[in-house]
Amino acid sequence: MANCKRLQLIQLIHLIFSNNRSIFCVLLLLELLNPLHSLLGNPLLSEENNFVGSNQCTNCHKNIFTTQINSGHARTLRKVESIPELLKAIPLQFFDKQNNVKYQIEKSPNKNFVLDLIATKENESNRMHLLWGLGAGRKGVTFVGLTDKGNYGQSRVSWYQKTSGLDVTTGLEKQVEDTYEALADWMSPPQQENCFACHTTQEADLPPIEMNPKNAGVHCERCHGPGEKHIQAMMSDNHQIVNTIKNPGKMKAIEQIYFCGACHGVPAGGTDLQTISKHMGDKQTARFPGQRLVFSRCYTESKGKLQCITCHDPHEDLVQQPRAYDTKCLTCHQAKNPLLQACPISKKDCTTCHMPYEKGFMTHSEFADHWIRILSENNSP
Ligand code: HEC
Ligand code: HEC
Ligand code: HEC
Ligand code: HEC
Ligand code: HEC
Ligand code: HEC
Ligand code: HEC
């Protein structure tokens, strides 16, 4: 219920800043008074229902499988030897001027590994064997590696698509004392698990060297739950899909926002006006669609019709042509619908003005702001 209260407050803020929209608000408030469906209780995640791997879904869901397996979700965690762009680009070099450290990624002389990251400062040098690349690479790839002494770390340099080269990993721009510190942000086991949590289908808690590539990346069963029971049911004579597999497409809007938001940012906690205004003013939240979308009047005043899948096919790669989103906006905003007036400014490319890109969360990257709203002419809030 805390969440409902929070939403009511967002509504209140909108009410304060707008007038004659109160009918929508009242309707929505009434709807929000219904308790939320249970977000966490998932009867499918019981012990008898096992993960089977997405290959088992191919036969019956061929089109979805073929699209999904090539998507950013599926490729968001790969063994470094399975990143062809990277293998083609080595040897890679980068010089961190601030710390006077030279970085190289090159073939590993150790037969058990494929690539090494080497940091050199003056005459001292240190190396880490690279195991995994996090990120499908639309923006960038950060590595997790292992030293001969058995320490795991997140590489202090990442590969960025925009520059086709290495640069310091976002968040690790700092002074480093020596080449060991220059190599990576060294991780304890809980930190490893946290790092892999949103980039895997299961078993994020295993030591990175033991993780099965099959579980790396966000595959079918991460979103639909284990598939064993469903397949058994589908193969049996009396097949019934009800309660054999989860379909997040059937969730209510707020449930889906929390579901996708487990990885893409859940609406920030706090139920008082001050906390919410603070979050609205905090640009950093623009990296997290789940946190921003709920501020939009499109969300608060559409009676639960605006979900993540209104605009995204969760099995596909991100569509990056603004024109493709126009039809989604216009399903609600059209001249025929007097309460949802058509835009007085333009009939196309809606997202360019109402969901502009924001910078400053990740090096060489920008993110579409999911707080859909009217911005001033120079696109600042
Ligand atoms: C033996 C065939 C078969 C296999 C294998 C299979 N499915 Fe299905 N699945 C079906 C059928 C049939 C339906 C019902 C289709 C329909 O209603 O259009 C279905 C429906 C679904 C739905 C929709 C459920 C709903 O409530 O709307 C999801 C999600 C799904 N399958 C996921 C999976 C996943 C994930 C796998 C792999 C772990 C998988 N399926 C493997 C046959 C199969
Ligand atoms: C288990 C965590 C997880 C869940 C759950 C999840 N995502 Fe993602 N999603 C990711 C990660 C990680 C990426 C980054 C992929 C990459 O490396 O490019 C991503 C990327 C995306 C992208 C951009 C894809 C691209 O081509 O770059 C979209 C759109 C997206 N997710 C939408 C959704 C929606 C909608 C849902 C809910 C139905 C959802 N996600 C649920 C982890 C998740
Ligand atoms: C709470 C979930 C979560 C955790 C934990 C997480 N990520 Fe991500 N990561 C995402 C999502 C969602 C995306 C896609 C959207 C975005 O970039 O914000 C992403 C994107 C990325 C990208 C950019 C991929 C691209 O090209 O778009 C990199 C690199 C990355 N993560 C590395 C890491 C590393 C390294 C760690 C561990 C230190 C980590 N992530 C932990 C959810 C997570
Ligand atoms: C990021 C989360 C996510 C992943 C990963 C994912 N799905 Fe889905 N899937 C969804 C959502 C959300 C819907 C509801 C889509 C809708 O209603 O438009 C859905 C719907 C479906 C459906 C039923 C509707 C339809 O379009 O026929 C099937 C079947 C399905 N998924 C199978 C799969 C299979 C097979 C895989 C792996 C190859 C997979 N999904 C991976 C989130 C996911
Ligand atoms: C599910 C329906 C729905 C969809 C889809 C939708 N909106 Fe809205 N939108 C609304 C409602 C409801 C309102 C508030 C009522 C009003 O404008 O009179 C609103 C308000 C707005 C506003 C005014 C915001 C403000 O702060 O005053 C803008 C701008 C807007 N929408 C743009 C868009 C754009 C751009 C898209 C597509 C990316 C979109 N909407 C998609 C329902 C929707
Ligand atoms: C009204 C339409 C709309 C809705 C609803 C929507 N998105 Fe998006 N999303 C977009 C647009 C537009 C982009 C930017 C596309 C581009 O890069 O050209 C985007 C981009 C993204 C990206 C990539 C981030 C980036 O900019 O690189 C992710 C991840 C994502 N959305 C996840 C989600 C999730 C999760 C939800 C639900 C909480 C959601 N979206 C709801 C329209 C929408
Ligand atoms: C060139 C930038 C731009 C584009 C492109 C654009 N808009 Fe707008 N839109 C604006 C501005 C600026 C306003 C505020 C106008 C005003 O208050 O006079 C606005 C107002 C709105 C409103 C509020 C209308 C009202 O009377 O309350 C909605 C809804 C809206 N736009 C939706 C859309 C949709 C849907 C599209 C795509 C079909 C779109 N916009 C394309 C800049 C744009």
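Just so you know, these numbers come straight off a predicted model, no measurement behind them.

A. Quick look at the overall build of the protein. The helix and strand tally for the protein stands at 16 helices and twelve strands. In the protein, which comprises 381 residues, the share counted as buried stands at 29%.

B. Highlighting the site of ligand 2. The environment of ligand 2 is made up of 23 residues, and the closest members are Gly72, Thr76, Ala136, Cys260 and Cys263. At the level of secondary structure, the elements contributing two or more residues to the shell around ligand 2 comprise α4 (72-75), α8 (220-224), α10 (253-264) and α14 (308-311). For the shell around ligand 2, the leading source of residues is α10, giving five residues. Across the shell around ligand 2, the residue classes tally to 13 nonpolar, seven polar and three charged. Shared between two domains, the shell around ligand 2 holds at least three residues of each, these being domain 1 (2-40 + 246-368) and domain 2 (77-214).

C. Geometry of the nonpolar core. Ranked by size, the top nonpolar core spans 32 residues in total, and within it Val80, Leu117 and Phe143 carry the most contacts. Mapped onto this core, the elements with two or more residues apiece are β3 (101-107), β4 (115-121), β5 (124-134), β6 (140-146), β8 (157-160), β9 (165-168), α6 (179-183) and α7 (189-196). Those residues in contact with leucine 117, other than ones at most four positions away along the chain, are Tyr103, Ile105, Arg127, Met128, Leu130, Phe143, Gly145, Ser155 and Leu183. Among the nonpolar cores identified, the runner-up in size contains eleven residues, and Cys260, Leu293, Cys298 and Tyr299 belong to it.

D. A look at the site of ligand 3. Around ligand 3, 18 residues are found, and the nearest of them are Leu134, Gly135, Lys139, Cys195 and Cys198. For the shell around ligand 3, the leading source of residues is β6, giving three residues. Counting residues domain by domain, the shell around ligand 3 receives three or more from each of domain 1 (2-40 + 246-368) and domain 2 (77-214).

E. Quick peek at the environment of lysine 214. The residue lysine 214 is located in the loop between α7 and α8 in this model. Separated by 136 residues in sequence, lysine 214 and arginine 78 place their C-alpha atoms 9.5 Å apart.

F. Local environment of unusual backbone geometry. Omega for the peptide link from isoleucine 90 to proline 91 comes to 0°, which places this bond in the cis form. Tracing the backbone shows proline 91 in the loop between α5 (84-89) and β2 (92-96). Look at serine 164: it is not a glycine, yet its phi comes out positive at around 50°. Following the sequence through the fold, serine 164 ends up in the loop between β8 and β9. For serine 164, a count of 10 C-beta atoms within 10 Å gives the class exposed.

G. Representation of the environment of threonine 76 in the model. Here threonine 76 shows up in the loop between α4 and β1 (77-79). A tally of 21 C-beta atoms within 10 Å means that threonine 76 is categorised as buried. On a C-alpha basis, the gap between threonine 76 and valine 218 in space is 7.1 Å, while along the polypeptide they are 142 residues apart. With sequence-adjacent residues up to four places away left out, threonine 76 is seen in contact with Leu134, Gly135, Ala136, His199, Gly217 and Val218.

H. Main features of the pairing of β4. Sheet topology places β3 next to β4; six bridges connect them, and they run antiparallel. Pairing of lysine 107 across the sheet is with leucine 115, part of β4. Judged from the seven bridges that link them, β4 and β5 form a sheet pairing that is antiparallel. Counted as the bridge partner of alanine 119 is asparagine 126 from β5. Here β4 folds back onto β5 in antiparallel fashion, the turn holding two residues, of which glutamate 122 has a positive phi close to 50°.

I. Up close: the confidence of the model for the protein. Per-residue pLDDT for the protein has a mean of 86; in total, 85% of the residues score no lower than 70. Within the model, pLDDT remains below 50 along residues 1-46, and this stretch shows 57 contacts once partners closer than five positions in the same chain are excluded.

Each value, and the rule that gives it
- Residues numbered from 1 in each chain as written.
- Chains lettered and ligands numbered in written order.
- Predicted model: local features only at pLDDT ≥ 70, side-chain atom pairs only at ≥ 80, totals over all residues.
- Helix = DSSP H or I, 4+ residues; strand = E, 2+ residues; numbered from the N terminus.
- Buried ≥ 20, exposed ≤ 12 C-beta atoms within 10 Å, placed from the backbone.
- Near = placed C-beta within 6 Å.
- Nonpolar A, V, L, I, M, F, W, Y, C, P; charged D, E, K, R; others polar.
- Domains from an automatic or database assignment.
- Core = buried A, V, L, I, M, F, W, Y, C linked by C-beta atoms within 7 Å.
- Contact = placed C-beta atoms within 7 Å.
- Pairing = 2+ DSSP bridges.
- pLDDT = per-residue confidence, 0-100.

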